[in-house]
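Secondary and tertiary structure notes
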Amino acid sequence: MHSRLSAPLRRGAPLRRAQRRLAATSAVGPGRDGSSEGKAANGGYGLSSFLAVGTSGVLAGLAIGDKDGRYRRLQFPQGQLRACCDSPVSDAQRALPNELATVVGAGHVKKNHSQKGSRIGQGTSLAHVSPGTLAEAVKVLEMCTKADVAIVPQGANTSLTGGSVPRNEQCDRPTIIVNLRRLSKILPIGDDGKQVLCFSGAGIFDLKDKMEKEYERDSHSVLGSIFLNPTVGAGVAYGSGGTQIRKGPVWTERALFLKVKDDGSVELVNTLGLRDGGDPIGFLDARAQLKTEDVDPKSTGSCSWPDYGGVVRAFNESTVSRFNADTTGLECCRSEGKVLILATMHDTYPIPKKSQLVWVACKDFADAHALKREVALKGADCMSKTCEYMNSEVYNGVDRAGRILVKMIELVGMQRLEPLWNLKLSIEMIPLPFTNIICDKFLYWFNNIIPHPLPQELRDFGRDYGHHVLMELGEYSDGEVDRLRDALEKFVADKPQGDVKYKVLEGKEANRANLWRFVVAPAFRTYCVGVGLPGLSIDYALPKNFKEYPMLPEKEFPIKSRWVYSHFGCNVYHEDLVFAGDVDVDAARYPIKHAIEDLGGKLPAEHGHGTEYKAPKEMQDRWKKTDPLNAMNPGVGGTSSYKMYSDQPCHCGQ
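Everything numeric here is computed off the predicted structure, so don't read it as measured data.

1. As for the overall build of the protein
- Within the protein, the secondary structure is distributed over 19 helices and 18 strands.
- Taken as a whole, the protein presents about 25800 Å² of accessible surface, with 52% of it coming from carbon and sulfur.

2. A look at helix H11 (residues 403–412)
- The complete set of buried residues in H11 reads Arg403, Ile404, Leu405, Val406 and Ile409.
- Where H11 is buried, its residues touch helix H10 (392–401), helix H12 (417–429), helix H13 (438–447), helix H16 (507–518) and helix H17 (520–531).
- Positioned one or two residues after H11, Gly413 has a phi angle of 85°, which is positive.

3. Here's the deal with the environment of Ala92
- Structurally, Ala92 is set in helix H3 (residues 91–104).
- A relative accessible area of 41% places Ala92 in the partly exposed class.

4. So, the sheet that holds strand S10 (residues 340–347)
- Read from one edge to the other, the open sheet built from 5 strands follows the order S5-S6-S10-S8-S9, with strand pairing classed as antiparallel. If you trace the sheet from one side to the other, it starts and ends with strand S5 (186–188) and strand S9 (266–270), each paired once. Strand-to-strand, the axes of this sheet are offset by a mean angle of 20°, without reference to chain direction.
- Bridge analysis of S5 against strand S6 (residues 195–199) gives 3 bridges, and the strand direction is antiparallel. Directly across from Leu187, in S6, lies its bridge partner Leu197.
- With respect to the sheet, helix H4 (residues 134–147) is in contact with S6, strand S8 (255–260), S9 and S10, its orientation differing from that of S8 by roughly 15°.

5. Things to note about the packing of H10 against H17
- H17 packs onto H10 with a crossing angle of 70° between their chain directions and a minimal axis gap of 9 Å. Of the possible angle classes, the one that applies to H10 and H17 is roughly perpendicular. At the point where H10 passes H17, the crossing takes the left-handed sense. Between H10 and H17, the contacting residues are Val394, Val398, Arg400 and Ala401 on the first element and Val520, Ala523, Thr526, Tyr527 and Val531 on the second.
- Residue composition of the contact of H10 with H17, by class: 7 nonpolar, 1 polar and 1 charged.

6. Concerning the packing of aromatic side chains
- By the definition in use, this model includes 14 aromatic pairs.
- With 6.1 Å between their ring centres and 40° between their planes, Phe365 and Phe568 make a pair best called tilted. Of the two residues, Phe365 is situated in helix H9 (residues 365–376) and Phe568 in the loop between strand S17 (559–567) and strand S18 (572–579); the sequence distance between them amounts to 203 residues.
- Using a relative accessible area of 11% as the deciding quantity, one classes Phe365 as buried.

7. A short note on the nonpolar core
- Membership of the largest hydrophobic core comes to 70 residues, with the highest contact counts inside it found for Cys332, Val360, Val469, Met471 and Phe579.
- Other than its neighbours up to four places away in sequence, Val360 contacts Leu371, His467, His468, Val469, Met471, Leu488, Val500, Lys501 and Tyr502.

8. Some thoughts on the sheet that holds strand S4 (residues 175–179)
- Pairing within the open sheet is mixed, and its 4 strands lie in the order S1-S2-S4-S3. Edge positions in the sheet fall to strand S1 (109–116) and strand S3 (150–154), since each of these pairs with one other strand and no more. Taking the axes of each pair of neighbouring strands and ignoring which way they run, one obtains an average angle of 40° across the sheet.
- Pairing of S1 with strand S2 (residues 122–129) involves 7 bridges; the strand directions are antiparallel. Of the residues in S2, the one forming a bridge with Ser114 is Thr124.

9. Observations concerning the side chain of Asp218
- Checked against the element boundaries, Asp218 lands in strand S7 (residues 217–218).
- Judged by its relative accessible area of 2%, Asp218 is buried.
- Only 3.2 Å separates the side chain of Asp218 from the side chain of Lys247, close enough to count as a polar contact.
- Aside from chain neighbours lying at most four places away, what touches Asp218 is Lys208, Glu212, Gln244, Lys247, Thr348, Tyr349, Pro350, Ile351 and Lys385.

10. Digging into the layout of surface pockets
- Approximately 790 Å³ is the volume attributed to the largest pocket.
- Together, 32 residues line the largest pocket, and Lys208, Glu472, Asn511, Asn514 and Phe518 are the ones closest to its centre.
- No other element matches H16, which puts 7 residues into the lining of the largest pocket.
- Split into classes, the residues belonging to the lining of the largest pocket amount to 13 nonpolar, 8 polar and 11 charged.

Criteria and thresholds
Residues numbered from 1 in each chain as written. Predicted model: local features only at pLDDT ≥ 70, side-chain atom pairs only at ≥ 80, totals over all residues. Heavy atoms only, no water. Helix = DSSP H or I, 4+ residues; strand = E, 2+ residues; numbered from the N terminus. Areas by Shrake-Rupley, 256 points an atom, 1.4 Å probe, with all protein chains shown as cover. Buried < 20%, exposed > 50% of the residue type's maximum accessible area, 1.4 Å probe, protein only. Contact = heavy atoms within 4.5 Å. Pairing = 2+ DSSP bridges. Axes fitted to C-alpha atoms, helices over the stretch in contact; angles between N-to-C directions. Parallel < 35°, antiparallel > 145°, perpendicular 65-115°, else oblique. Left-handed = near helix turned anticlockwise from the far one by under 90°. Nonpolar A, V, L, I, M, F, W, Y, C, P; charged D, E, K, R; others polar. Phe/Tyr/Trp six-rings, centres within 6.5 Å; stacked < 30°, edge-to-face > 60°. Core = buried A, V, L, I, M, F, W, Y, C linked by side-chain atoms within 4.5 Å. Polar contact = N/O pair within 3.5 Å; in protein donor to acceptor, adjacent residues only side chain to side chain. 1 Å grid on protein atoms, 1.4 Å probe; cavity = no way out; pocket = protein on both sides within 12 Å on 5 of 7 lines; lining within 4 Å. Points joined across faces, edges and corners; volume = space filled by probe spheres on them.

Taken by themselves, the reported measurements are silent on function.
Here it is, written out as structure tokens:
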């Protein structure tokens, strides 16, 4: 919720030339297939009809070209086509794709592969390679470093800040994408499954599904983007947060990862704590399961953030609960691609004996905060499983642009949605008029033919109330759900009549209410495209004692609508901003970031710096120490894209 998004379409000579070509292309099509009248008596077209249709076609083509150019100049929440850099390609680099194919198989190497990020970024890699074993991944990285290419690790490509796709014009070397999706092994440890070892490419939905069905345990990470099945390794690399306030960000001290040293060699770092005979790669590649005795009892590293429930319950503190620039822990945690994560170990959690989903509608934001403190975070033995917030702009926006997404997930299921999402991204890359917006235009146009998925009472809440909190109450200790319900009823009774209302949801109603919250991010892009206005998505953590919306520089950058939604228990927010049509979103981003930070907040909180935000010096210094050659994901977090973090391309002056 892997939004966050912003997508400036930058002007420049290559783009202008592309737009002229697109306009010229679009001027041809309508002229050919727009001629449906004026036939002559002999069955052909008369001269006047031909001229009329031809003129109409030219005018239509010009109109389409102009319209397409206008839409492409708008700063929608997405990326853009970018020209390749002028870096020379060495013989070793030119030969690399074929050499990689000998390791992973020709079917798992895509040459000159263009790819678009989920929200921003687009580029072409020299090769997109997908190793199928840990041993293959090690060999691939060694070959890439020897050929002196830029290496971008990739999971499901659900990154929202551009950090998982090539940045051709910014880099002085060809890029290899190392996609780890095939490294999908999930190895619960022992018979109880209280801990699980995951290869980097394991999907978080697949993990959740396996642990629930086979072990009656809950996995470590549930994100808003879970329907796209993001990878476990990416969660570690970004410190993903998610909806469940008892668990904390994705974080572990037990990991297996690769780093590139200053001499170009590849180092294997192993803190998993397994009895692997000194060969963790061979050991894990060969195993289909792990036993308790496979774990070294002397290894005491934590597999989750210690006492995160206590962290969020300290809601009077002026600190934030979690943020992307936190350097606590191993180099792989919040590494954002500066290492190649192979496998990590994580705690799992008991599934509550029973649970209830409650939708609470509040007139005032202050009441929503009081609800969080007095009910959701009441105590260690009386604490909700989730506490998610959204304002009326979010509710109305999903109503206008997200109903169809809720229905699609219901129809095809979460496991089948990822291919459809990737197809959408592929269509948006086609260099023809309107392809970058056509999918979202159709989603917007057809949204309202879908019956409203929510029950009438929730629709009334959406119409009459400005603030909404979704809480899942879980029976983790005996009587906990009843205690939470009692606290909720007391809270409502203490408020003026009608200021706060709630509804307990079950079955299909509960599932649809959760989906209503989860589809906000993709619905926002659909909405912006539908209404033809630029948008920007951000994610930030506010101090735990901060109880208001942050003031943004709206005078300089007029905002038409603020979609505010939050992992409320953590005081971590996602905000999707719809601007007036003439606002320069690029110029607005950093003043907004500074406004958040002036309040003691941190931006970004969980979606990573990617190519959108400059990381603090402490985080940049950590990345530079981890990856001294700048071989891994160069340019992330405002660092140099050039070799060894130079201020100019390595080939300049040669």
